[in-house]
Amino acid sequence: MKRFVRFSAPRQPVVAVSWFMADAYCRYVGKRLPTEAEWEKAARGEHGERFPWGNAPPTCARAVYEITPGEYGCGTQITADVGSRPVGRYGLYDMAGNSWEWVEDWYTPCYDGCPGACGAACRGPDPRGPCGGGKAPCP
């Protein structure tokens, strides 16, 4: 994986991992990926604020993100060390920015009002997404 050499420092987040690899690792350690609803609650808190720190807009002091198109990592073009920004709700770090996260549920591009909408499967307190989420193929 020579092209990811810039992303291999000891404290950087793990990148270039497929959903299947993340799922297999979680099962190996006796855990599971969170559902999207669980992840959203952890990131946004009980009151559903927009970001882990509240409703204030993102800054590079709060999260590592793409400032303008193509300026990843707050302009550094690389991820930052895990935990390099302030801790968020529930003692969690890096719930916004730095790298993408995997969740248990299947992705859907549309919840309502389009062809192939997820509909009822994506409603409720902890929806599992289209086809019930999980590992089974979704037609």
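For clarity, every value in this text was computed on a predicted model and none was experimentally measured.

Engineer: Tell me what's going on with the overall build of the protein, and back it up with residues and numbers.
Structural biologist: Assigned secondary structure in the protein consists of 2 helices and 0 strands. Dimensions along the principal axes, computed over C-alpha positions, put the protein at roughly 40 × 35 × 30 Å. A burial count over the protein gives 28% of its 139 residues as buried. Taking all contacts inside the protein whose residues are at least 6 apart in sequence as the whole, residues at least 24 apart take part in 55%. Carbon and sulfur atoms form 61% of the exposed surface of the protein, whose accessible area is close to 9,500 Å².

Engineer: Can you break down the environment of Ala-24 residue by residue, with the values?
Structural biologist: Residue placement: Ala-24 occurs in helix H1 (residues 19-28). Classification of Ala-24 as partly exposed rests on a relative accessible area of 35%. Each C-alpha atom of the pair Ala-24 and Thr-35 lies 16 Å from the other, and the pair is 11 residues apart in sequence.

Engineer: Tell me about the nonpolar core, and please be specific about residues and values.
Structural biologist: By size, the foremost hydrophobic cluster in this structure holds 5 residues: Trp-39, Ala-42, Ala-43, Met-95 and Val-103. Excluding residues within four positions of it along the chain, Val-103 makes contact with Trp-19, Leu-33, Pro-34, Thr-35, Glu-36 and Trp-39.

Engineer: I'd like a rundown of unusual backbone geometry, residues and numbers included.
Structural biologist: Generally, phi is negative for residues other than glycine and the peptide bonds are trans, each holding for most cases. Backbone geometry places Ala-16, a non-glycine residue, at a positive phi of 60°. On the secondary structure map, Ala-16 appears in the segment before H1. The partly exposed category is assigned to Ala-16, whose relative accessible area is 37%. Here the phi dihedral of Cys-74 falls at roughly 55°; this positive angle occurs in a residue that is not glycine. Along the chain, Cys-74 turns up in the segment after helix H2 (36-44). Here Cys-74 falls in the buried class, since its relative accessible area comes to 17%.

Engineer: Give me H2: which residues, what numbers.
Structural biologist: Residues separated by three or four positions in an α-helix point in the same direction, a consequence of the helix having 3.6 residues per turn. All of the buried residues in H2 are Trp-39, Ala-42 and Ala-43. Buried residues in H2, looked at end-on, bunch into an arc of 95°, giving them a common side. Two residues or fewer after H2 comes Gly-45, characterised by a positive phi angle close to 75°.

Engineer: Tell me what's going on with a nonpolar patch on the surface, and back it up with residues and numbers.
Structural biologist: Judged by side-chain polarity, Tyr-25, Tyr-28 and Val-29 come together as a nonpolar surface patch covering roughly 390 Å² of accessible area. Within the element layout of this structure, Tyr-28 appears in helix H1. Taking relative accessible area as the criterion, Tyr-28 reaches 70% and is therefore assigned exposed.

Engineer: Pulling in residues and values, what's your account of the side chain of Asn-98?
Structural biologist: Structurally, Asn-98 can be placed in the segment after H2. We classify Asn-98 as buried; its relative accessible area is 11%. A distance of 2.8 Å separates a polar atom in the side chain of Asn-98 from the backbone nitrogen of Ala-80. With residues up to four places along the chain from it excluded, the contact list for Asn-98 reads Pro-13, Val-64, Thr-79, Ala-80 and Asp-81.

Engineer: Could you give me a rundown of the packing of aromatic side chains, with the residues and numbers involved?
Structural biologist: Inspection of every chain in the model, using the stated rule, returns 2 aromatic pairs. Both rings, one in Trp-19 and one in Phe-20, keep their centres 5.1 Å apart while their planes meet at 85°; by these two values the pair is edge-to-face. Judged by relative accessible area, Trp-19 falls into the buried class, the value being 12%.

Parameters and conventions
- Residues numbered from 1 in each chain as written.
- Predicted model: local features only at pLDDT ≥ 70, side-chain atom pairs only at ≥ 80, totals over all residues.
- Heavy atoms only, no water.
- Helix = DSSP H or I, 4+ residues; strand = E, 2+ residues; numbered from the N terminus.
- Buried < 20%, exposed > 50% of the residue type's maximum accessible area, 1.4 Å probe, protein only.
- Contact = heavy atoms within 4.5 Å.
- Areas by Shrake-Rupley, 256 points an atom, 1.4 Å probe, with all protein chains shown as cover.
- Core = buried A, V, L, I, M, F, W, Y, C linked by side-chain atoms within 4.5 Å.
- Arc of directions from axis to C-beta.
- Patch = residues over 30% accessible without salt bridge, like charges linked within 9 Å, V, L, I, M, F, W, Y side chains within 5 Å.
- Salt bridge = Lys/Arg side-chain N within 4 Å of Asp/Glu carboxyl O.
- Polar contact = N/O pair within 3.5 Å; in protein donor to acceptor, adjacent residues only side chain to side chain.
- Phe/Tyr/Trp six-rings, centres within 6.5 Å; stacked < 30°, edge-to-face > 60°.

Keep in mind these numbers describe shape, not what the thing actually does.
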